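# Descriptive analysis of the structure
Letter by letter, the chains look like this.
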Amino acid sequence: MVKKLQGEAFLLSANELRTGKVVFFTKKGWSSSTREAIKIKADEINKYEEISIREEKKCKIVSAKFVELDDAGNIKTLRDKIRNCGITIKI
Amino acid sequence: MYKYSDTDKKIIASRVKQFENQVNRRLEGKLTEEEFKPLRLMNGLYLQLHAYMLRVAIPYGELSSKQLRKLAFIADKYDRGYGHFTTRQNIQFNWPKLPDVPEILNELSLVEMHAIQTSGNCIRNISSDHLAGLTINEIEDPRPWCEIIRKWSTFHPEFSFLPRKFKIAVIGCDEDRAAMLVHDIGIRIIKRHCQVGFEIFVGGGQGRTPIIAKKIKNFLPKKDILNYLEAILTTYNQEGRRDNIYKARIKILVQELGIERFKSLVEENFSKLSNKELEIDKKSIEEIFQYFRLPPLKSSSDKIPLEDNQEYKNWIKQNVIPHKIKGFSIVQISLKEPKKPPGDATSNQMKALAKFSEDFSFSEIRVTHEQNLVLPHVPNKELFNLWSQLKKENLATPNLGLITDTICCPGMDYCALATARSIPISQKISNHFNNYCKQKEIGNLKIKISGCINACGHHHVGNIGILGLDRRGEEFYQITLGGSAKEDAAIGEIVGPSFSETDLIDAIEKILNTYKKHKKNKGEDFLSVFRRIGIKEFKKDLYDNFTEKS
Amino acid sequence: MIILQKNHEHKNHYKKIKEQDFLKKKISNGSILTISQWREVEHIIQAQEIDVAIEFSSDACILCENDKLSKVAMIQINFKTFKDGRPYTFAKMLRKKHNFTGELRATGHIIPDQYIFLIRCGFDSVEIEEEHKETWLELLEMDEGLYYQP
Ligand code: HEM
Ligand code: SF4
């Protein structure tokens with residue numbers, strides 16, 4: 001998992017092991033929508049890192065990562081936006 | 001075309017079973033992701049931004065209509081109705097699901113295809129000239145040699161856990177259409193004193209350290225090819241760096257040791273470890289060559305139909321080249337229609353092409369490293385007919401070798417490693433230069449675009465190379481000039497500070513203006529001008545009245 | 001841990017030599033030495049009727065031209081990670097260049113999917129967790145003996 005995280009708030013995200021689909025961690029488990037995703041503060045990272053390791057062990061998800069949020073609470077980087085919203089081109 | 005023997009069939013089928021076993025163990029938690037990853041990679045399965053991605057090999061770029069139909073079927077049933085042809089004669093599916101992959105591999109095996117060693121730190125799919133066997137100045141068809149090497153390298157027990165990936169290309173003439181000199185090993189068939197053999201190059205590559213391969217052998221007799229490859233791989237497997245992934249390719253080893261020292265290690269392994277059983281005798285060479293004979297083409301004096309249709313004429317001029325058999329043509333199909341990601345083909349296009357290849361080209365299709373397709377043996381008299389049908393499928397874009405025939409990697413739209421998007425850039429270029437006459441005036445020009453320094457889009461060897469960067473969260477594009485992937489291979493030079501997406505087209509226009517200004521005659525293409533005048537002139541024009549960004 | 005040789009299970013007869021034993025040159029049947037230890041005591045062992053082994057780490061598979069291995073009963077290569085492919089080439093070298101005819105064993109981080117590769121490169125045995133035995137045997141079973149290489 002990415003260390004040296006800079007921001008203040010994050011979502012925990014991953015790909016579903018079976019489908020590869022992008023998912024976010026919510027109170028009720030993993031969801032493909034960010035709507036109910038738990039907002040994680042910088043000092044809670046360790047706790048959620050443990051959760052992600054546990055979830056990986058359960059063979060539900062792979063490639064867990066923290067997605068940084070901007071001040072307004074939106075996903076910050078372009079890569080994470082594309083991960084969430086899908087490709088930006090028509091096919 | 002090559003046909004699987006019973007042994008081939010059994011080996012591929014047993015690999016499918018083995019991978020099914022591995023997927024099940026992964027899903028049950030008996031394999032960790034760390035352990036599963038190299039195994040899935042060896043079967044061409046990546047995990048990308050939003051999904052898994054399966055890379056299927058098209059060995060030496062050759063496809064039958066049946067195989068292409070199967071690819072269309074897979075795109076429809078397991079994916080989203082399209083596939084992406086890559087720069088190493090593979091096709092990528094962007095949306096497969098892990099539990100489906102063994103089934104996909106099984107479907108592929110039914111048409112003698114696989115995804116073996118299309119990824120991972122092993123010897124990858126062997127690539128070749130897409131015009132192999134079709135041109136007059138070829139010394140010998142490279143495809144049989146690719147097949148010989150494909151077999152030897154498949155599940156090689158010793159070379160499946162190399163320091164890093166390993167790419168080999170083979171060509172059969174002086175012209176290099178396979179970017180042979182930017183491969184880990186490049187092989188060129190040559191003739192010396194009436195004897196045909198190989199010239200061997202080693203240590204080429206792109207990525208963050210682009211290097212043109214160096215010659216390690218002036219002439220290698222045919223029978224020794226596998227023993228010599230084995231000697232190179234032995235040296236690399238033993239000596240290649242494993243402490244730093246960025247220094248693990250053979251190019252770094254060759255660079256650090258120097259070609260002479262590297263060569264002496266290889267020669268020692270060659271002389272001490274060569275295995276009689278790896279020598280290839282005349283008979284088995286002949287057997288393999290049987291598979292690659294031309295279909296029964298009767299030469300004729302048939303001319304290309306003249307039709308009073310400008311689009312058709314443009315297409316003939318741009319995309320059609322003569323076949324070595326009189327009366328036939330090689331038709332190049334551009335997968336660079338405006339507005340579409342370069343190299344993408346829909347399942348409907350694949351099905352249509354499968355049909356066209358049956359009707360017009362002896363059921364054969366080729367895949368090029370420039371992300372286009374080829375119908376290799378089309379009778380001249382059918383060209384207008386074929387063109388009309390291609391046009392209906394949006395497969396008749398007349399831009400081969402022109403500025404809109406860009407090579408482009410998936411970039412940040414798909415790729416987890418990207419620093420910027422690349423497909424939208426290529427789309428901007430094709431929209432801006434859409435007009436055929438305008439393109440023709442610019443002439444032969446290769447633009448190659450990568451979404452990060454890994455250089456999957458070959459930007460280092462583009463006449464104009466574009467590399468996507470991340471500048472504090474914003475996409476920026478660095479331009480290199482003067483690269484070439486051909487026999488005169490060269491790594492492009494960085495022209496200066498990078499450009500935002502908005503300023504990029506303007507910058508390309510300026511570069512083209514410099515070119516036009518210095519062009520001596522109509523025939524002098526971009527690369528020739530660049531080589532004559534150097535990068536300075538371009539810099540001067542590009543940055544003079546441009547607000548320079550640091 | 002068990003030793004698997006093709007599909008036969010064995011007990012391990014070898015054990016790494018203790019530092020103090022080595023200092024006293026108390027080399028017994030079944031001692032595993034490092035290569036530098038071996039070079040030191042080779043001349044003593046040449047005269048004895050005992051089986052000793054040498055262990056290499058996968059990232060330090062190095063032998064000199066004049067290392068003599070004829071009295072070595074077993075060479076064991078400890079994989080730091082299963083992704084380290086050097087031992088496959090080293091195995092070839094041991095067999096072809098150094099004419100080593102004893103047992104060649106893989107230990108450390110190896111995975112069952114590599115079993116056939118190991119055997120084909122000249123390994124005789126692997127040291128694995130007992131609980132993984134079934135998977136190793138299953139993958140051995142799946143192999144049909146059809147290869148592209150000699
Ligand atoms: C989408 C998933 C992909 C990933 C994760 C990926 C990853 C990489 C990486 C890490 C490298 C650098 C290797 C090195 O220097 O050691 C590389 C190089 C390369 N890739 Fe990709 N790539 C992807 C897609 C593609 C595509 C779509 C193409 C063809 C259009 C391609 C063709 C190449 C080529 C030709 C090179 C450079 C040649 C070389 O030095 O090996 N890759 N890729
Ligand atoms: S060049 Fe970079 S962005 Fe493009 S496909 Fe390769 S790894 Fe991905």
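## Observations concerning the packing of aromatic side chains
All names here are of chain B.
- Under the definition given, this model contains 28 aromatic pairs over all chains.
- A cation over a ring is seen here: Lys70 above Phe73, with NZ or CZ 5.1 Å from the ring centre.
- Directly above the aromatic system of Tyr246 lies the positively charged group of Arg208, at a separation of 3.8 Å from the ring centroid.

## Structural notes on the coordination of the iron atom of ligand 1
- For the iron atom of ligand 1, the protein supplies a single donor, B:Cys456 (SG), at a distance of 2.1 Å.
- Its place among the elements puts B:Cys456 in the loop between β17 (447–450) and β18 (464–471).

## Here's the deal with the domain arrangement of chain B
Residue and element names in this part refer to chain B.
- Examined at the domain level, chain B breaks down into domain 1 (6–110), domain 2 (134–290), domain 3 (310–392) and domain 4 (407–543).
- Measuring from the centre of the C-alpha atoms in domain 1 to the corresponding centre in domain 3 gives 27 Å.
- Taken residue by residue, the interface counts 21 residues in domain 1 and 23 residues in domain 3.
- Across the domain 1 to domain 3 interface the summed buried area is about 1,800 Å²; carbon plus sulfur atoms make up 56%.
- Three residues stand out in domain 1 for area buried against domain 3, namely Leu68, Arg69 and Phe85, and they jointly supply 31% of the buried area on that side.
- For the interface between domain 1 and domain 3, the tally reads three salt bridges.
- Between Asp76 and Lys351 there is a salt bridge, and its shortest N-O distance comes to 3.0 Å.
- Where domain 1 packs against domain 3, one counts 16 residue pairs in polar contact (both at pLDDT 80 or more).
- Considering each element in turn, the side of domain 1 that touches domain 3 owes the most residues, seven residues, to helix α3 (residues 65–78).

## Some words on the interface of chain B and chain A
- Taken together, the contact pairs 30 residues of chain B with 21 residues of chain A.
- Between chain B and chain A, a total of about 2,100 Å² is buried, with carbon and sulfur atoms accounting for 64% of that surface.
- The tally of links from chain B across to chain A stands at zero salt bridges.
- Elements supplying a minimum of two residues to the side of chain B that touches chain A: α1 (6–27) and α13 (423–432) of chain B.
- Residue composition of the side of chain B that touches chain A, grouped by class: 17 nonpolar, four polar and nine charged.

## A word on the sheet that holds strand β11 (residues 320–322) of chain B
Residue and element names in this part refer to chain B.
- The five strands are arranged β3-β14-β15-β12-β11 in an open sheet whose pairing can be described as antiparallel. The open sheet has two edge strands, β3 (62–64) and β11, and neither has a second partner. Taken over all neighbouring pairs, the strand axes of this sheet differ in orientation by 30 degrees on average, direction set aside.
- Across two bridges, the pairing between strand β14 (residues 364–367) and strand β15 (residues 373–379) is antiparallel. Each bridged residue has a counterpart across the sheet, and for Val367 the counterpart in β15 is Leu373.

## Focus: the side chain of B:Arg26
- The topology assignment puts B:Arg26 in helix α1.
- Excluding residues within four positions of it along the chain, B:Arg26 makes contact with A:Leu17, A:Cys59, A:Val62, B:Leu31, B:Thr32, B:Glu33 and B:Phe36.

## Things to note about the site of ligand 2
- Contacts to ligand 2 come from B:Cys409, B:Pro410, B:Gly411, B:Cys415, B:Leu417, B:Ala418, B:Ser450, B:Gly451, B:Cys452, B:Asn454, B:Ala455 and B:Cys456.
- Here the shell around ligand 2 is composed, by residue class, of eight nonpolar, four polar and no charged.

## Structural notes on the pairing of strand β12 (residues 328–333) of chain B
Residues and elements named next belong to chain B.
- β12 sits mainly inside the fold: six of its six residues count as buried.
- Side-chain alternation along β12 places Phe328, Ile330 and Gln332 on one buried face and Ser329, Val331 and Ile333 on a second face that is also buried.
- When β11 meets β12, the two strands line up antiparallel, connected through three bridges. Among the inter-strand pairings, Ile321 is bridged to a residue of β12, identified as Ile330.
- As consecutive antiparallel partners, β11 and β12 are separated by five residues, and within that stretch Gly327 has a phi angle of approximately 95 degrees, a positive value.
- Note that β12 and β15 share five bridges and pair antiparallel. Of the residues in β15, the one forming a bridge with Ser329 is Val378.

## A look at the arrangement of the chains
- Of all two pairs of chains that touch, the greatest number of contacts is found between chains B and C.
- Regarding chain A and chain C, which are not in contact, the minimum distance between any of their C-alpha atoms is 18 Å.

## Describing the site of ligand 1
Residue and element names in this part refer to chain B.
- Neighbouring residues of ligand 1: 23 residues in total, closest Gln48, Lys167, Gln206, Arg249 and Cys456.
- Between Arg164 and ligand 1, the recorded distance is 3.4 Å, taken from a side-chain N or O atom to an oxygen atom.
- Arg249 places a polar side-chain atom, nitrogen or oxygen, 2.9 Å from an oxygen atom of ligand 1.
- A class-by-class count of the residues in the shell around ligand 1 yields six nonpolar, eleven polar and six charged.

## Here we look at the interface of chain B and chain C
- If you look at the interface, chain B gives 40 residues, while chain C gives 30 residues.
- Counting every contact that joins chain B to chain C gives five salt bridges.
- Its salt-bridge partner being B:Glu268, residue C:Lys97 comes within 4.0 Å of it at the nearest N-O pair.
- Summed over the shared surface of chain B and chain C, the result is 15 residue pairs in polar contact (both at pLDDT 80 or more).
- Elements supplying a minimum of two residues to the side of chain B that touches chain C: α1, α2 (33–42), α5 (143–153), α6 (225–239) and α8 (259–273) of chain B.
- Among the elements that line the side of chain B that touches chain C, the one with the most residues is α1(B), at ten residues.
- Along the lines of polarity and charge, the residues of the side of chain B that touches chain C split into eleven nonpolar, 15 polar and 14 charged.

## Notes on the packing of helix α16 (residues 526–533) of chain B against helix α17 (residues 535–543) of chain B
All names here are of chain B.
- Here α16 crosses α17 at 100 degrees, and the two axes come no closer than 6 Å. Comparing the axis directions of α16 and α17 gives the class roughly perpendicular. Note on element contacts: α17 touches α16 through Ile535, Glu537 and Phe538, opposite Phe526, Phe530 and Ile533.
- Partitioned by chemical class, the residues of the contact of α16 with α17 number five nonpolar, no polar and one charged.

## Points about α6(B)
- Compared with the 21 Å implied by 1.5 Å per residue over 15 residues, the 21 Å span of α6(B) between its first and last C-alpha is a close match.
- With 13 of 15 residues buried, α6(B) is to be regarded as a mostly interior element.

## Digging into the confidence of the model for chain C
- Residues with a pLDDT of 70 or more make up 100% of chain C, whose mean pLDDT is 93.
- Here the predicted complex scores 0.94 on pTM and 0.96 on ipTM.

## Observations regarding the environment of B:Ala248
- If you trace the backbone, B:Ala248 turns up in the loop between α6 and α7 (250–257).
- As a C-alpha pair, B:Ala248 and B:Pro59 span 189 residues in sequence and 25 Å in three-dimensional space.

What counts and what doesn't
Residues numbered from 1 in each chain as written. Chains lettered and ligands numbered in written order. Predicted model: local features only at pLDDT ≥ 70, side-chain atom pairs only at ≥ 80, totals over all residues. Heavy atoms only, no water. Phe/Tyr/Trp six-rings, centres within 6.5 Å; stacked < 30°, edge-to-face > 60°. Lys NZ or Arg CZ within 6 Å of the ring centre and 35° of its normal. Donors = N, O, S within 2.8 Å, 3.2 Å for Na, K, Ca; no water. Helix = DSSP H or I, 4+ residues; strand = E, 2+ residues; numbered from the N terminus. Domains from an automatic or database assignment. Contact = heavy atoms within 4.5 Å. Buried area = accessible area lost by both parts, 1.4 Å probe. Salt bridge = Lys/Arg side-chain N within 4 Å of Asp/Glu carboxyl O. Polar contact = N/O pair within 3.5 Å; in protein donor to acceptor, adjacent residues only side chain to side chain. Nonpolar A, V, L, I, M, F, W, Y, C, P; charged D, E, K, R; others polar. Pairing = 2+ DSSP bridges. Axes fitted to C-alpha atoms, helices over the stretch in contact; angles between N-to-C directions. Near = heavy atom within 4 Å. Buried < 20%, exposed > 50% of the residue type's maximum accessible area, 1.4 Å probe, protein only. Parallel < 35°, antiparallel > 145°, perpendicular 65-115°, else oblique. Expected span 1.5 Å × (residues − 1). pLDDT = per-residue confidence, 0-100.

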